[in-house]
Amino acid sequence: MNVAIVTGAARGIGAATASLLAEQGMAVALLDVEEAALAETTGRLAEKGHLVRALRCDVGLRTSVEAAILEVETQLGAVQVLVNNAGVGGPFHRVDEVSDEEWDWIINTNLKSVFLFTRNLLPKMKAQGYGRIVNVASIQGFLGSARSSTYVASKHGMVGYTRTIAAEWGAYGITANAVCPGYVDTALGIQPAAVQDYLAKVMAKSPVQRVAQPREIAELIAFLASPNAGYLNGAVIPIDGGITAHVGIT
Ligand code: NAD
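Every value quoted in this text rests on a predicted model; they were computed, and no experiment measured them. Residue numbering note: each chain is counted from 1, following its sequence as written. Reporting of local features is limited, given that this is a predicted model, to residues whose pLDDT is at least 70; pairs of side-chain atoms are given and counted only at 80 or more, and all residues count toward the totals for whole chains, interfaces and linings. For side-chain calculations, the full set of non-hydrogen atoms in the structure is used, while hydrogens and water are omitted.

**Student:** Would you explain the layout of surface pockets in this entry?
**Tutor:** Where empty space is left in the structure can be found by rolling a water-sized probe over the atoms. A cavity here means a set of points on a 1 Å grid, drawn over the protein atoms and nothing else, where a 1.4 Å probe fits but cannot get out; a pocket is an open set with protein on both sides within 12 Å along at least five of seven lines, and a residue lines either one if it has an atom within 4 Å of a point. Grid points are joined across faces, edges and corners, and a volume is the space filled by probe spheres set on the points. Within this model, the largest pocket holds a volume of roughly 1200 Å³. Forming the walls of the largest pocket are 49 residues, and the residues nearest its centre are Gly87, Val88, Gly89, Tyr151 and Leu188. Where the lining of the largest pocket is concerned, the elements lending two or more residues are helix H1 (12-23), helix H4 (100-128), helix H5 (149-169) and helix H6 (196-205). Gly counts as polar in this scheme, as do all residues outside two lists: the nonpolar Ala, Val, Leu, Ile, Met, Phe, Trp, Tyr, Cys and Pro, and the charged Asp, Glu, Lys and Arg. Its residues placed into classes, the lining of the largest pocket shows 26 nonpolar, 17 polar and six charged. Taken as a whole, the second largest pocket encloses approximately 330 Å³ of empty space. What lines the second largest pocket is a set of 15 residues, and nearest its centre among them are Leu143, Tyr183, Tyr198, Ile243 and Thr244. Numbered from the N terminus, helices here are DSSP runs of H or I no shorter than four residues, and strands are runs of E no shorter than two.

**Student:** I keep staring at the side chain of Thr42 and nothing clicks. Help me out?
**Tutor:** If you trace the backbone, Thr42 turns up in helix H2 (residues 35-47). Throughout this description, buried means an accessible area under 20% of the type-specific maximum (1.4 Å probe, protein chains only), exposed means over 50%, and partly exposed covers the range between. Among the residues examined, Thr42 registers a relative accessible area of 7% and is labelled buried. Throughout this description, a polar contact denotes any pair of N or O atoms lying within 3.5 Å of each other; where both atoms belong to protein, one of them has to be capable of donating a hydrogen while the other can accept it, and for residues adjacent in sequence the pair is counted only when both atoms sit in side chains. Of the polar contacts made by the side chain of Thr42, one reaches the backbone oxygen of Leu38; its length is 2.7 Å. The contact rule is simple, with two residues in contact once any of their heavy atoms fall within 4.5 Å. Residues in contact with Thr42, not counting those within four places in the same chain, are Leu30, Val52, Arg53 and Ala54.

**Student:** Hey, could you run me through the packing of aromatic side chains in this one?
**Tutor:** Centre-to-centre distance and the angle between the planes together describe a pair of aromatic rings. Side-chain rings of Phe, Tyr and Trp (the six-membered ring for Trp) are treated as a pair once their centres are within 6.5 Å; stacked means planes under 30 degrees apart, edge-to-face means over 60, and tilted covers the remaining angles. For the structure on display, the rule yields two aromatic pairs. Between Trp169 and Tyr172 the ring centres are 5.8 Å apart and the planes differ by 65°, which places this aromatic pair in the edge-to-face class. Given a relative accessible area of 17%, Trp169 falls into the buried group. Charge over a ring is defined by NZ of Lys or CZ of Arg lying within 6 Å of the ring centre and within 35 degrees of the ring normal. The cationic tip of Lys126 hangs over the ring face of Tyr172; the distance from NZ or CZ to the ring centre is 4.5 Å.

**Student:** I would appreciate a short explanation of the site of the ligand in the present structure.
**Tutor:** Taken together, 29 residues lie around the ligand, and Asp32, Asn85, Tyr151, Val184 and Thr186 are the ones closest in. Here Tyr151 contributes a side-chain N or O atom positioned 2.6 Å from an oxygen atom of the ligand. Cavity and pocket membership follows a simple rule, namely that a molecule belongs there if more than half of its atoms are within 2 Å of the grid points. Judged by its atoms lying within 2 Å of the grid points, the ligand is housed in the largest pocket. Elements that contribute at least two residues to the shell around the ligand include exactly H1 and H5. Residues that form the shell around the ligand fall into these classes: 15 nonpolar, nine polar and five charged. If even one non-hydrogen atom of a residue comes within 4 Å of a molecule or strand, that residue is called near it.

Right, here's the structure in full:
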């Protein structure tokens, strides 16, 4: 049985991913800072008979990440699948409005976290001759976006980092890929009041004219996390209903 870590699994895309990986027979460790929501999500999966664990982890803090990984290994065994999903959007600020604290919070949560988890787990995956790393980036991992510079920087960093892991570790049975959602029905995605006007304009020009449900993103993540995806490595995959496939004039 493969053991998977899903970060940011209390709700949204992470919760949907943890659920799908568990349904597909993996033992899943759900990591998050929101303990109440985490307990609820994990409890729902445990009630269905899945092998799951909830662990409080602040993904931007080395000590917290190392302690969580050790706990997963102790409780469930060696890790084969890592889904770096935890993320924060932050306030919508222009570059000159961004504080040091805001920059550090977003970069640490979205990007340093990927470094902390992969640095620890890659050598162990190499020893097993198998590993699947799926990084949840964004279409803002390859496009700019006004008033989201720090988020955009974190997601571009994630994309480049994913490609580099793929190049360094592909020879050892490990794949690393980036999933790039467009607009997803979650607290971070489409629910903030500040995005409603903008979102209506985007949806009017979106080929599918709707946002995604978290489960639709989880389906792609689960495929990339499966043994069947062994030849997909270093891929950066938009999953956005076609929003970035055209210039949107008509
Ligand atoms: P969400 O807010 O519903 O879920 C994010 C989860 O991450 C939450 O449970 C939150 O508690 C957790 N988290 C935040 N900071 C953390 C920390 N320091 N340590 C551990 N957990 C932490 O949002 P979501 O939309 O499900 O986001 C999941 C990922 O998808 C994020 O990386 C986000 O950037 C990415 N994404 C989302 C969208 C979208 O439209 N929703 C689009 C593109 C990319």
